[in-house]
Amino acid sequence: MKKKVLLVPLDPVHDIGLKMIKRGLEEAGHNVILLPPDYSLEEIINRIIETRVDTVLISRTLGYGVAELLGRFIDLADAAGLRDKVTFGIGGMAITPELAAELGFDAGFGPGTTVEEAVAFVEGREYVPDKQRNKKIKKDMTQNYDYNYKNARIAELLNKISQQILHWGEDKTSPGILRAHIRERILNSRDEKEVKELKQEYMSFCDEAVKSFYSKGELNSKTRSLTQREVKALEEYVKDVEERMTLNIIQKTEKNPLIFIQYGTGCPFMDIAHIKLAESWGADGVVHFDPSWGARTEGFYEGFLSHEEDGSVITYENLSKIKECLNRNILWQVRAHRGVNTPETVVLAGNAGADLTKINIVYGSLGGGTDPARLTIDALEAIKIAAKYNLPFDVVTNEELSGVPSYKAFAGMLIVANLALVLGAKPILQPLFCYSPEVMIGRQMEDNYIDFNAAKIYALRSIINAPIWPGAPIGFLTHTEDRVQSSVTTALHAGLASSLKVDAISIASSDEAFSGGPITGASRIDTLRATQEVFRFFGHAEISPTNKAQEWADELVERIEKVLVDVLNRGDFVQALYDGILGNREEGAYPGRAGRNTIIRKK
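What you see is a predicted model, and the numbers here were worked out from it, not measured in a lab. (Residues numbered from 1 in each chain as written. Predicted model: local features only at pLDDT ≥ 70, side-chain atom pairs only at ≥ 80, totals over all residues. Heavy atoms only, no water.)

(A) Layout of the overall build of the protein chain. Across its full length, the protein chain holds 23 helices and 18 strands. If you line up the protein chain on its principal axes, its C-alpha atoms span 95 × 65 × 40 Å. The burial tally for the protein chain puts 56% of its 603 residues in the buried class. Sequence-distant contacts in the protein chain: of pairs separated by 6 or more residues, those separated by 24 or more amount to 77%. In the structure as shown, the protein chain presents an accessible area of about 26,500 Å², 49% of it carried by carbon and sulfur atoms. Of the charged side chains in the protein chain, 71 are positive and 83 negative; the average position of the first set lies 4 Å away from that of the second. (Helix = DSSP H or I, 4+ residues; strand = E, 2+ residues; numbered from the N terminus. Buried < 20%, exposed > 50% of the residue type's maximum accessible area, 1.4 Å probe, protein only. Contact = heavy atoms within 4.5 Å. Areas by Shrake-Rupley, 256 points an atom, 1.4 Å probe, with all protein chains shown as cover. Lys, Arg positive; Asp, Glu negative; His and termini not counted. Charge placed at Lys NZ, Arg CZ, Asp CG, Glu CD.)

(B) Local environment of helix α6 (residues 152-169). Taking 1.5 Å per residue, 18 residues should reach 26 Å; α6 reaches 26 Å between its end C-alpha atoms and fits that length. Those residues of α6 that sit buried are I154, A155, L157, L158, I161, S162, I165, W168 and G169. For α6, the arc enclosing every buried residue in end-on projection is 160 degrees, short of the 170-degree limit, so these residues lie on one face. Of the exposed residues in α6, the ones pointing more than 90 degrees away from its buried face are A152 and H167. Two to three positions downstream of the cap, the backbone nitrogen of R153 sits 3.2 Å from a side-chain oxygen, assigning the N-cap of α6 to N151. (Expected span 1.5 Å × (residues − 1). Arc of directions from axis to C-beta. Polar contact = N/O pair within 3.5 Å; in protein donor to acceptor, adjacent residues only side chain to side chain.)

(C) Quick look at the sheet that holds strand β11 (residues 331-335). Sheet architecture is open: seven strands sit in the order β14-β13-β12-β11-β9-β8-β17, paired in parallel fashion. Strands at the two margins of the open sheet, each flanked by one partner only, are β14 (427-430) and β17 (504-507). When the angles between neighbouring strand axes are averaged without regard to direction, this sheet yields 30 degrees. Sheet topology note: the strand β12 (residues 356-358)/strand β13 (residues 393-396) ladder contains two bridges and is parallel. (Pairing = 2+ DSSP bridges. Axes fitted to C-alpha atoms, helices over the stretch in contact; angles between N-to-C directions.)

(D) Highlighting the pairing of strand β4 (residues 87-91). By the criterion of burial, β4 is predominantly enclosed, with four of the five residues buried. In the sheet, strand β3 (residues 55-59) pairs with β4 via five bridges, with the strands oriented parallel. Each bridged residue has a counterpart across the sheet, and for T55 the counterpart in β4 is T87. Across three bridges, β4 lies against strand β5 (residues 107-109) in parallel orientation. Within β5, the position partnered with G91 by the bridge is F109. What joins β4 to β5 is helix α4 (residues 97-103), and the crossover it makes is right-handed. (Right-handed = clockwise from strand over helix to strand, strands pointing away.)

(E) Geometry of helix α14 (residues 342-352). Counting buried positions along α14 gives ten out of eleven residues, so the element sits mostly inside the fold. Residues of α14 that are buried include every one of T342, P343, E344, T345, V346, V347, L348, A349, G350 and A352, and no others. Against α7 (175-188), α8 (192-203), α13 (316-325), β11, β12 and α16 (372-388) lie the buried residues of α14.

(F) Seen up close, the sheet that holds strand β1 (residues 4-9). Taken in spatial order, the five strands make up an open sheet running β2-β1-β3-β4-β5, and their pairing is parallel. Strand pairing shows two members of the sheet lacking a second neighbour, β2 (31-34) and β5, which therefore form its edges. On average, each strand axis in the sheet is inclined to that of its neighbour by 20 degrees, with strand direction left out of account. Bridge analysis of β1 against β2 gives four bridges, and the strand direction is parallel.

(G) Examining the pattern of salt bridges more closely. Scanning all chains against the criterion turns up 41 salt bridges. The closest approach of N and O atoms between E242 and K276, which form a salt bridge, is 2.7 Å. Residue E242 is located in helix α10 (residues 228-244), and its partner K276 is located in helix α11 (residues 268-280); the two are separated by 34 residues in the primary sequence. Residue E242 is classed as partly exposed on the basis of its relative accessible area, which comes to 38%. The exposure class of K276 is buried, given its relative accessible area of 3%. Connected through salt bridges with shared partners, the residues R179, R183, K199, E298, E302, E344, R374 and D378 form a single ionic network. (Salt bridge = Lys/Arg side-chain N within 4 Å of Asp/Glu carboxyl O.)

Next comes the structure, spelled out in structure tokens:
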């Protein structure tokens, strides 16, 4: 049934919402009258009587004395006998349904109200949001890439280095690889006796701390099992939150990248709270961050465990519970890039239902503390497992943060990425978007943060057609303890990444660099909202780097090729890592010690 509606702007400069509603109502076939903004309350009442409207919608920004003004308007309508004949609604800044009801209105509409909501109110029906509008869809970042090389010389060098690495690894294995295969058998077995025997075998390849867990039930002093009561409370919490939450969409256009945030409070319960918060405010994916001691200890615990410090313990139970609580359209990455449990982490990630993992021999060896030979043999197996479980993985270049020049970090990243392609896996390139030690010394960002970051993308795109996911997080070392400043720099880097049409970005919370402890929920929202605003601000417009970006890109490609020649001429990729060809001690890269001398010769 068509309605007659009177739109009343009580505020002379804030009537744009009413004009939008007028269009929506007219398109729905209703008869709409929009008053000018200079009517007195008495004149408005007279117009309602004269026009015999069904509904009155008032627009007013709340300020000093406005509540009293609105209350008086309702009193006048009541005195004129209109309250039983006409439906009254009010909208504007600071208006809430509760305030509207308190003032005597039938409905109140605050910021963010859609035209469709107002039309539903006029038509006297319940507003049902269009769930398809904000429906998040899980995306495969690799699906549009063929991984074809555009630089034939670099492709030739990478293929020769890959063959060297594969030949080097032919007769080697490690405790980490053996554990990974035992873990896979444990997860697949339904025979309790077999599982018990497999765990005995698993223990034989673990450090004493992990052996104590399996033999005596002892955990690290800062780690404990969550109680059944806590697990039950978590399940109730997730159910309650999911009934009330909706998923925000950060992207404004189809070119805006996916947004990832990292979690790792130590406690799976808190992790899930942060994940639900990030999901609600628009994150497209989350990254599991594990404790550093876990990466350097041979073997994993089991059970639903909480840890007192940063990084959440990797167990099949922890990962499975987190997966169970994730929205099904949220991408989930479990990192496996730096420690002596790399192959087993990929096995657990694959079995727990992860979408992505993270593997990089060079960063893990030169910046992550793991012995280069051990990580090379472990990563070879981890890549094969990732291919088996169809887990794409990013190859992060965080060794740049130690001081390694980007061209060396990129050479290492490309070596691992090409190895992945040879082994049938799907690598994702992850250059840093950061104010690195290299640019602090070399002054490449003395004028702006745009050109050198853009040069990295230009360089990689000139070498290979592969997905690119800058991180991790973007804006590293540009953040301060000022949450506003951190949010702004994150958002600006996100805007640049979007202009460069990358596939995804990782963002930090606004307090991540200086939190000194747990990250707050509000700080996560800071950067998600700031990124959304920048995407809205730019729309389809783009940031234009200067000519310097292409000059630096050409220089990067030239230097990457030279590093690859040096690695190939060394004849041994692992020895090249020890010798500093991909990052040396003067640059801040040190071959790790975890897992040294643990490689096992195959019989």
